[in-house]
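Coordinate inspection notes
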Amino acid sequence: MSTEAAAARVSPDRRKRAIRTVALVVGVVAPSVVLRELVEFRFGSGPLADLSAVAVPMAATAWLAPYASYRRRDALLWLVGPGIYVFAVIAWRVALAPYRDWRPRPEEKPRMRWSRDPERAGTWLLTKPTSDTRHTGSP
């Protein structure tokens, strides 16, 4: 199969979603690298510099996690390694918000409904926010 045929199959929405995902990941990881370099320059390399490198991504993960059916405590995974993977999944899911192409968790189902938009067929739509995720919907 030629690469042109494969590129033609990718929908424009998927390209936009991929671009948004990459922008979100880079927008979170780049400041964390800069912060680590600043802390390392001022205080030297060590645990403080290492923790400063994950401070920004942990905060972003904790803030965006409820949008993507994750828990805020999943931000702690940055301390043990798989944080970048979890954040990439969260960024991929948030890039499609408020529509969702994954199954909602059981506690989210009362707030969800199937999208009736023909362009978004087969996706879930968040109808009303809860106190934990006030920022995902309109008041």
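These lines cover the structure that appears in this document, whether it is placed above or below. (Residues numbered from 1 in each chain as written. Predicted model: local features only at pLDDT ≥ 70, side-chain atom pairs only at ≥ 80, totals over all residues. Heavy atoms only, no water.)

1. What about the pattern of salt bridges?
Under the defined criterion, the tally for this structure stands at two salt bridges. A salt bridge links R36 to E40, with the nearest nitrogen and oxygen atoms 2.4 Å apart. On the criterion of helical spacing, the pair formed by R36 and E40 is a turn pair, its members being four residues apart in helix 2 (residues 12-43). Judged by its relative accessible area of 27%, E40 is partly exposed. The partner of R36 in a salt bridge is D50, and the shortest N-O contact between them spans 2.6 Å. With R36 in helix 2 and D50 in helix 3 (residues 47-64), this pair connects stretches of sequence that are 14 residues apart. In the salt-bridge network here, residues are joined through shared partners; they are R36, E40 and D50. (Salt bridge = Lys/Arg side-chain N within 4 Å of Asp/Glu carboxyl O. Helix = DSSP H or I, 4+ residues; strand = E, 2+ residues; numbered from the N terminus. Buried < 20%, exposed > 50% of the residue type's maximum accessible area, 1.4 Å probe, protein only.)

2. What about the packing of helix 3 against helix 4 (residues 83-94)?
Packing of helix 3 against helix 4 brings their axes to within 10 Å, and their N-to-C directions diverge by 45°. On the basis of their axis angle, the class for helix 3 and helix 4 is oblique. As helix 3 runs across helix 4, the sense of the crossing is left-handed. Contact residues: A60, T61 and L64 in helix 3; F87, I90 and V94 in helix 4. Of the residues in the contact of helix 3 with helix 4, the class split is five nonpolar, one polar and no charged. (Axes fitted to C-alpha atoms, helices over the stretch in contact; angles between N-to-C directions. Parallel < 35°, antiparallel > 145°, perpendicular 65-115°, else oblique. Left-handed = near helix turned anticlockwise from the far one by under 90°. Contact = heavy atoms within 4.5 Å. Nonpolar A, V, L, I, M, F, W, Y, C, P; charged D, E, K, R; others polar.)

3. Here's the deal with the nonpolar core
In this structure, M58, L64, W78, F87, I90 and V94 are the most contacted members of the largest nonpolar core, which totals 16 residues. Elements represented by at least two residues in this core include exactly helix 2, helix 3 and helix 4. With five residues, the top contributor of residues to this core is helix 4. Those residues in contact with L64 that sit more than four places away from it in its chain are L24, F87, I90 and V94. (Core = buried A, V, L, I, M, F, W, Y, C linked by side-chain atoms within 4.5 Å.)

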